[in-house]
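Here's the letter readout for the chains.
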Amino acid sequence: MSLESHVIMDETAIRRALTRIAHEILERNKGIEGCVLAGIKTRGVFLAKRLAERLENIEGKSIPWFELDVTSYRDDRSERERGADKISFPVPIHDKKVILFDDVLYTGRTIRAAMDAIMDCGRPQSIQLAVLADRGHRELPIRPDYIGKNVPTSKAEEIEVLLEEVDGSDLVRIFQQRGEQ
């Protein structure tokens, strides 16, 4: 078996998707007043930072954002490990509209862990979800509010997001197993 990849978003498509998401956030929330961005580690952090910059360019004022590491809230950790490392945020989230940002939405388990972490640290007015790529196959009832690109996939396929800050280039590609001839 070999892997075959196909580019589904290049640097321009990623930039356009982030700009569109920024405008959708502004429209839905009637500006950025009371909004806070939370980038889910790792690539969601850089996407949230880019989104914050776009929102500031459009609105002329900054939106608070922070990095969210959900490792200790994941449901694939033992019961004893789960939630052991309580976190705190550098910006207040109580009564705020928290907008989570992640690179790829798949089963929804990472987002559930992120919501658990947020609820442990405060009571936001609402939690919204932005993702660069939604590949389907949800195991939990989680739906994104803002989507860069819908990418229907099979479970045998993988989505890979590369970002300049981590990987040296901006690219989203899909990998699929290919049988040997």
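My aim in this report is to walk through the structure given alongside it, one point at a time. Since the model is a prediction, treat every value here as computed from it, not as a measurement.

Some points on the overall build of the chain
Looking only at helices and strands, the chain has four helices and eight strands in total. Reading the helices (α) and strands (β) of the chain from amino to carboxyl end gives β-α-β-α-β-β-α-β-β-β-α-β. Since a compact globule built from 181 residues should have a radius of gyration of about 16 Å, the 17 Å found for the chain is in line with a globular shape. The C-alpha extent of the chain, read off along each of the three principal axes, is 60 × 45 × 30 Å. Expressed as a percentage of its 181 residues, the buried residues of the chain come to 43%. When contacts within the chain are restricted to residue pairs at least 6 apart in sequence, long-range pairs at least 24 apart make up 69% of them. Seen as two clouds, the 28 positive and the 32 negative side-chain charges of the chain have centres 3 Å apart.

Here's the deal with the sheet that holds strand β4 (residues 97-105)
Strand order in the open sheet formed by five strands is β3-β2-β4-β5-β6, with parallel pairing between adjacent strands. Since the sheet does not close on itself, it has two edges, and those belong to β3 (65-68) and β6 (146-150), each with one partner. Between one strand and the next, the sheet's axes are offset by a mean angle of 25°, whatever the strand orientation. Against the sheet, helix α2 (residues 43-59) touches β2 (35-40), β3, β4 and β5 (126-134), its axis set at about 150° to β2.

Describing the state of the cysteines
For the coordinates displayed, the defined rule picks out zero disulfides. With no disulfide of its own, Cys35 lies 19 Å from the sulfur of Cys121, the closest cysteine sulfur. A relative accessible area of 2% places Cys35 in the buried class. Take Cys121: its relative accessible area is 28%, and that puts it in the partly exposed class.

Digging into the environment of Ser5
Structurally, Ser5 is set in strand β1 (residues 2-9). Take Ser5: its relative accessible area is 41%, and that puts it in the partly exposed class. Expressed as a C-alpha distance, the spacing of Ser5 and Leu68, which sit 63 residues apart in the sequence, is 30 Å. Dropping the residues within four chain positions of it, Ser5 is found in contact with Arg173, Ile174 and Phe175.

Topic: the pattern of salt bridges
Summed over all chains, the structure comprises 14 salt bridges. Residue Arg50 pairs with Glu165 through a salt bridge whose shortest N-O separation is 2.7 Å. On the criterion of sequence distance, the pair formed by Arg50 in helix α2 and Glu165 in helix α4 (residues 164-167) is long-range, its members being 115 residues apart. Given a relative accessible area of 10%, Arg50 falls into the buried group.

Some points on α2
Owing to its 3.6 residues per turn, the α-helix brings residues three or four apart onto one side. Its 17 residues give α2 an end-to-end C-alpha distance of 24 Å, which sits within 8% of 24 Å, the value for a rise of 1.5 Å per residue. Every buried residue of α2 is listed here: Gly44, Val45, Leu47, Ala48, Arg50, Leu51, Ala52, Arg54 and Leu55. Those residues of α2 that are buried are in contact with α1 (11-29), β2, β3, β4, β5 and α4.

A word on unusual backbone geometry
Both trends apply: most residues other than glycine have a negative phi, and most peptide bonds are in trans. Cis geometry marks the peptide bond from Lys41 to Thr42, where omega comes out at 15°. Secondary-structure assignment places Thr42 in the loop between β2 and α2. Of note in this structure, Asp95 is not a glycine but carries a positive phi near 60°. The residue His137 is not glycine, and still its phi comes out positive at about 70°.

Considerations on the side chain of Asp102
In this structure, Asp102 sits in strand β4. The buried charged residue Asp102 lacks any salt bridge partner; its closest oppositely charged side chain belongs to Arg74, at an N-O distance of 7.8 Å.

What counts, and where the lines are drawn
Sequence order as written defines residue numbering, which begins from 1 separately in each chain. Local features in a predicted model are, by the rule used here, given only for residues with pLDDT of at least 70; side-chain atom pairs are given and counted only at 80 or more, and totals for whole chains, interfaces and linings are based on all residues. Hydrogens and water are ignored here; the side-chain numbers use all heavy atoms of the structure. Helix and strand definitions follow DSSP, with helices as H or I runs of at least four residues and strands as E runs of at least two, each counted in order from the N terminus. We compute the radius of gyration from the C-alpha atoms alone; for a globule the expected value is 2.2 Å times N to the 0.38, where N is the number of residues. Exposure is judged per residue with a 1.4 Å probe applied to protein chains only, and the accessible area is read against the type maximum: over 50% gives exposed, under 20% gives buried, and values in between give partly exposed. Note on definitions: a residue-residue contact is assigned when non-hydrogen atoms from the two residues lie within 4.5 Å. In this tally Asp and Glu are treated as negative and Lys and Arg as positive; neither His nor the chain ends contributes. Each charge is placed at NZ for Lys, CZ for Arg, CG for Asp and CD for Glu. Only strands that DSSP links by at least two bridges are regarded as paired with each other. Angles shown run from 0 to 180 degrees and are taken between the N-to-C directions of axes, each axis being a line fitted to C-alpha atoms and, for helices, limited to the stretch in contact. In what follows, a disulfide is any cysteine sulfur pair within 2.5 Å. Salt bridge, as used here: a side-chain nitrogen of Lys or Arg that lies within 4 Å of a carboxyl oxygen of Asp or Glu. Expected helix span is computed as 1.5 Å times (number of residues minus one).

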